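# Working through the structure, step by step
These are the residues of each chain, in order.
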Amino acid sequence: MVSLPIDAYLPAITDALREHRVLVLVAEPGAGKTTRVPPAILKANLLPASQPRLVMLQPRRLAARAAAERIASENDWTVGGDDVGYQVRFENKLTPRTRLRVVTEAILTNALLDDPSLDGVGCVVLDEFHERSIYSDLAIALLRDVRAALRDDLHVVVMSATLDAGPVATFLGTNGKTAPIVRVPGRTFPVTIAHRPRGGGYLEDVVANAVADAPDDGHTLVFLPGAAEIQATQRVIADRLPGRLVLPLYGSLPFDEQRRAVAPSKALKIVLATNIAETSLTIDGVRTVIDSGLSRQAAFDPQRGLDALRLGRISLASATQRAGRAGRTAEGRCVRLWSALEEKQMAPFDSPEIARVDLAPTLLELHAWGESDPSTFNFFEPPPPESIAAAERLLVMLGALDREHRLTALGKRLRGLPVHPRLGRLLIEAATKGQPRLGTATAAILSEKDFVHRRRESRFDIASDRLTASSDVLLRVHALRGDAGGLDVDRVQLQQVRRVEEQLRSAVARAASRDAPSPARPPAIDTRLTAPPGAGPGDDEDAFVRRLVLLAYPDRVCRRRGQGSAAAMVGGGGVRLSDESAVVSGDYFVAASARQDDRQRQREAIVDIASRIEPAWLEELFPQSITRAPRVRYDESAERVIATKQTRYLDLVLREETDPAPDRSAVAGALAEALLPRVREVIGGDEALSALVARVAFAAAHAPQHPWPTFDDAGWRELLIDAADGKQSLRQVTQALRDAVRHRLVYPLDRLLDELAPESLTVPTGSAIRLAYNSDPRHPPVLAVRLQEMFGLAQTPRVAGGRTPVLLHLLGPNYRPVQVTGDLASFWKNTYAQVRKDLRADYPKHSWPDDPLTAEAIRGAKRRR
């Protein structure tokens, strides 16, 4: 074996484990921790004969395989034999006697849940803990519980290249003591860092230029955020550097192609990789690293139940890991496609998965562990409460938990399937109804990356060329069987989905034999997934697949807005069907695959894979999520309360009908709630009400010794609440407010009001002219009257018991004021003659006497003789 920096520290590592049984190991990149520490623990005879096995958790499948193969090579062992093997999703290279087991993802968790005592296992190693996968976070918490309650002899090692070791050591410590920390330097080959800011150029062009400028003294490793960027860059490099060996490396790539990218090669190669190559994997001979500084991280919106892969800047820890890949075997260089200033703004570490991903699978595991309230579980770092709540709601909808959040029989079966509980629910239902092949095909399609190409612009330039179907999922099921129809299929990804389908088929068969119910036992949930009566075979399959999708995604039901592609989803978020979705009709659909487009101002999620449903299915399959309740709301345009009866699926309205007999108190409450914030506007908007209030204020100002009612804001609010009782419209409320004001004018205030502030005054023609009272009682009321109706009246009329003259607005024949005065006698004496002169020629048919005090008052034009 080649000497590695870790070798000198192995005695200290095993000694610390022998004494404390827990250890935190921080070893820099290239130290050799992954391949050297587990065999050293076995060879040091730390583990008793009754617990001889060591399990090492790797976050990635490719890294698990590579680690097992490297350990076998260094120790002259055989992978899959008694000494070392690995187990990843759908692949098992272990025997019952294998001592060193490299495993991934949920395999260790499943082992703990099946046997909390981990019988036969003497040591568990959590490698690359700095990646903070959700499985690593769950594993360290469960292992701590196991050591505290069942197995204090269990050895636990946490390893990482870049890690803040203190919190981990504290978490693993016992009896007030922290776990020991061992630090190991990496290889000392220097790596020169150069910054080459990308600017505004396309990423693939900038990377190709950097590759072309790299020396030919070794392999080149390029870090890119995802498969799409890798494929685009591969095409550009092939055009510019023909003949160079360019190899992709990402998670969904077939294993043989992944192995080719990491295998030793005499020919210089350019490896285009995601962060799968950031840790654990060693590609010998890499001298140049070109780092885009970008990665896609899994994210989750708990409010909308949508998963996402978000493109973002990597952390400083990731940048250090990536650069270290260039210094494993010799001096190297790292070209960073960002500036030194940008580097100062980068986060020190990546955020843990537990803080940003869907927690439904994790919480299902915790309930199986016996944790009735996951919010109180002793996580290494607690997840957000809203994410826990969202996951619990989903598990209840799927039937994995009952209403009291206790694990159901169905929940136990879901935990035994190697898929998300959503897809597990789908698989169980399909198998129960005798359609396991249709279930595994649907689940494989929904669990893997889509094998249908998505273009930047719509492929359907002409509406008549657009594919139409009831379900995008069903189109993909047909493509999986060989009938691609009009779909643009990625053949490589299609084969990957077919492989997963085969593996799911085996998993379902194993689960069926393990969980076969007795004939007397009823199904866990009767969802009655049957086709409509009289439907043909094609219709049977169509409806069955669409119902399966609904069962898996009950929290992603959408209702279309109008006839377009926009829709509202459960939870209140907006979505929009992509141009390439075939689901162009139907009011309701399920968003099986949706991606957040943050560039849109409305933050609408784009739905790439949809499946139409019938609203009756919601009431049939999820009766517990259906509510029927009255609803009242104030309609501003109609100025009245609208009362309806709503049928809702969760918060999505399915039907709304007029309620002929709404609850009186609810209607009154809605009316008052709408009008209270603008009570003064309501008063001012009704002429009769505002006039009555002004009269009361005027009377109170001129006879303050009487107990007149006051109308401040608090008083008006009280009156309005009383007035709204039994009413439905603004008009009814204002009428009730008028009555309420009058009812407060008890005797003798009602009589005094008419005496002090009469509603109208009678003029010489006998006409009763309404007075206009000012909101400020210090101002006199206005009497607007035509000039001819005042002939014969010598003095200004008065109110307030004769103490206050009114303000006369004397109107011409056109009803426009010709004089405003509070002294009618002065007007007749000093001003009338000029007014008569000015208007007589324009209005000859009207009376313009020389002496207005002796003339007859008339309403209109002069009478004919």
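What counts, and at which threshold
- Residues numbered from 1 in each chain as written.
- Predicted model: local features only at pLDDT ≥ 70, side-chain atom pairs only at ≥ 80, totals over all residues.
- Heavy atoms only, no water.
- Helix = DSSP H or I, 4+ residues; strand = E, 2+ residues; numbered from the N terminus.
- Rg over C-alpha atoms; globule rule 2.2 N^0.38 Å.
- Buried < 20%, exposed > 50% of the residue type's maximum accessible area, 1.4 Å probe, protein only.
- Contact = heavy atoms within 4.5 Å.
- Areas by Shrake-Rupley, 256 points an atom, 1.4 Å probe, with all protein chains shown as cover.
- 1 Å grid on protein atoms, 1.4 Å probe; cavity = no way out; pocket = protein on both sides within 12 Å on 5 of 7 lines; lining within 4 Å.
- Points joined across faces, edges and corners; volume = space filled by probe spheres on them.
- Nonpolar A, V, L, I, M, F, W, Y, C, P; charged D, E, K, R; others polar.
- Pairing = 2+ DSSP bridges.
- Axes fitted to C-alpha atoms, helices over the stretch in contact; angles between N-to-C directions.
- Parallel < 35°, antiparallel > 145°, perpendicular 65-115°, else oblique.
- Left-handed = near helix turned anticlockwise from the far one by under 90°.
- pLDDT = per-residue confidence, 0-100.
- Expected span 1.5 Å × (residues − 1).
- Bend = angle between axes of the 7 residues up to and from the residue.
- Polar contact = N/O pair within 3.5 Å; in protein donor to acceptor, adjacent residues only side chain to side chain.
- Right-handed = clockwise from strand over helix to strand, strands pointing away.
- Phe/Tyr/Trp six-rings, centres within 6.5 Å; stacked < 30°, edge-to-face > 60°.
- Lys NZ or Arg CZ within 6 Å of the ring centre and 35° of its normal.
- Salt bridge = Lys/Arg side-chain N within 4 Å of Asp/Glu carboxyl O.

Helices and strands together make up the secondary structure of the protein chain, namely 27 helices and 31 strands. Compactness check: the protein chain gives a C-alpha radius of gyration of 41 Å against a globular reference of 29 Å for 865 residues, more than 25% above the reference. Counting only C-alpha atoms, the protein chain reaches 135 × 70 × 70 Å along its principal axes. Residue burial in the protein chain is summarised as follows: out of 865 residues, 52% are buried. The contacts in the protein chain between residues at least 6 apart in sequence include a share of 69% that link residues at least 24 apart. Within the structure as shown, the protein chain displays about 39800 Å² of accessible surface, and the carbon and sulfur contribution to it stands at 48%.

In this section: empty space enclosed by the protein. The full count for this structure, using the stated rule, is 3 cavities of 30 Å³ or more. Surrounding the second largest cavity, D301, L306, D307, A308, R310, A594, R595 and Q596 form its lining. Within the residue set of the lining of the second largest cavity, elements represented by two or more residues are β15 (306–313) and β20 (588–596). Tallied by class, the residues present in the lining of the second largest cavity amount to 3 nonpolar, 1 polar and 4 charged.

This part takes up the side chain of E365. Tracing the sequence through the fold places E365 in helix α12 (residues 360–369). Sequence-distant contacts of E365, that is, excluding residues within four places in its chain, are made with T109, N110, L113, L138 and R415.

By way of backbone hydrogen bonds, the strands of a sheet pair with one another, either parallel or antiparallel. Reading across the sheet, the 3 strands line up as β22-β23-β24 and stay open at both edges, with antiparallel pairing between neighbours. The outermost strands of the open sheet, each flanked by one partner alone, are β22 (626–635) and β24 (652–658). The sheet shows a mean angle of 35° between the axes of neighbouring strands, direction not considered. Bridge count for β22 against strand β23 (residues 640–649) is 10 bridges, and the pairing is antiparallel. Paired with R633 across the bridge in β23 is I642.

To continue, consider the pairing of strand β13 (residues 286–291). Along any regular strand, the residues point their side chains to alternate faces of the sheet. Counting buried residues along β13, 6 of its 6 residues qualify, which places the element largely inside the surrounding structure. Across 5 bridges, strand β10 (residues 219–223) lies against β13 in parallel orientation. Bridge pairing in β13 links V222 to I290.

Another aspect to go through is the sheet that holds strand β17 (residues 557–560). In spatial order, the strands read β17-β18-β19-β21-β20; together these 5 strands close into a barrel with mixed pairing. Here the strands of the sheet are splayed against their neighbours by 50° on average, with no regard to which way each runs. For strand β18 (residues 566–569) and strand β19 (residues 574–577), the ladder comprises 3 bridges, and the chain directions are antiparallel. Note on β19: the bridge partner recorded for A568 is G574.

When two helices pack together, their arrangement is given by the angle between the helix axes and by the axis-to-axis distance. In the contact formed by helix α5 (residues 134–149) and α12, the axes pass within 11 Å of each other and the chain directions differ by 15°. Relative to α12, the element α5 is oriented roughly parallel. Here α5 runs over α12; the crossing is right-handed. The segment α5 lies against α12, with I134, L138, L142, D145 and V146 engaging T362, E365, L366 and W369. Among the residues forming the contact of α5 with α12, the class breakdown is 6 nonpolar, 1 polar and 2 charged.

Mean pLDDT over the protein chain stands at 87; residues scoring 70 or higher make up 94%. Predicted confidence is poor over residues 456–464, with pLDDT under 50, and the contacts of this stretch with residues over four places away or in other chains come to 11 contacts.

Now for helix α3 (residues 61–75). Every α-helical turn comprises 3.6 residues, leaving residues that sit three or four positions apart pointing alike. Compared with an ideal rise of 1.5 Å per residue, which puts 15 residues at 21 Å, α3 spans 21 Å between its outermost C-alpha atoms and is within 8% of the ideal. Taken together, the buried positions of α3 are L62, A63, A64, R65, A67, A68, I71, A72, E74 and N75. Taken from the residues just after α3, D76 is the one with a positive phi, measuring 60°.

The first and last C-alpha atoms of helix α27 (residues 824–840) sit only 20 Å apart over 17 residues, clearly below the 24 Å expected at 1.5 Å per residue. At T831, α27 shows its maximal kink, close to 60°. Residues L824, F827, W828, Y832, V835, R836 and L839 constitute the buried set of α27. Summarising the contacts, the buried residues of α27 are in contact with β30 (807–811) and β31 (817–821). Where α27 begins, one side-chain oxygen reaches toward the backbone nitrogen of A825, 3.4 Å away; that side chain belongs to D823.

Here we take up the packing of helix α15 (residues 421–432) against helix α16 (residues 436–447). Running from N to C, α15 and α16 point in directions that differ by 165°, and their axes come no closer than 7 Å. Compared by their axis directions, α15 and α16 come out roughly antiparallel. At the point where α15 passes α16, the crossing takes the right-handed sense. Residues L423, L426, L427, A430 and A431 of α15 form the contact with α16, whose participating residues are P436, G439, T440, T442, A443, L446 and S447.

Let us now look at the pairing of strand β12 (residues 269–273). Of all 5 residues in β12, 5 are buried, a share of seventy percent or more. In the sheet, β10 pairs with β12 via 4 bridges, with the strands oriented parallel. Opposite L221, over in β12, you have V271 as the bridge partner. Two elements, strand β11 (residues 245–249) and β12, share 5 bridges in a ladder whose sense is parallel. Bridge pairing links V246 to I270 in β12. Between the parallel pair β11 and β12, the chain is carried across by helix α9 (residues 255–262), and the sense of this crossover is right-handed.

The next point concerns the packing of aromatic side chains. If you walk through the whole model with that rule in mind, you get 10 aromatic pairs. Ring centres of F377 and F379 lie 4.9 Å apart, and the angle between their planes is 85°; this geometry places the pair in the edge-to-face category. When the ring of F827 is compared with that of W828, the centres are 5.3 Å apart and the planes differ by 55°; the resulting orientation is tilted. The pair formed by F827 and W828 is uniform in burial state, with each residue classed as buried. Each residue in the set F791, F827, W828 and Y832 is aromatic and connected to the rest through ring pairs, giving one cluster. The ring of F171 carries the charged tip of R144 above its face, separated from the ring centre by 4.6 Å.

Evaluation of the coordinates by the stated rule reveals 48 salt bridges. Residue R505 is joined to E501 by a salt bridge in which the shortest nitrogen-to-oxygen separation is 3.3 Å. Note that R505 and E501 are positioned in helix α18 (residues 491–515) at a spacing of 4 residues, about one turn of the helix. Where R576 meets E604, a salt bridge forms, and the shortest distance between an N and an O atom there is 2.9 Å.

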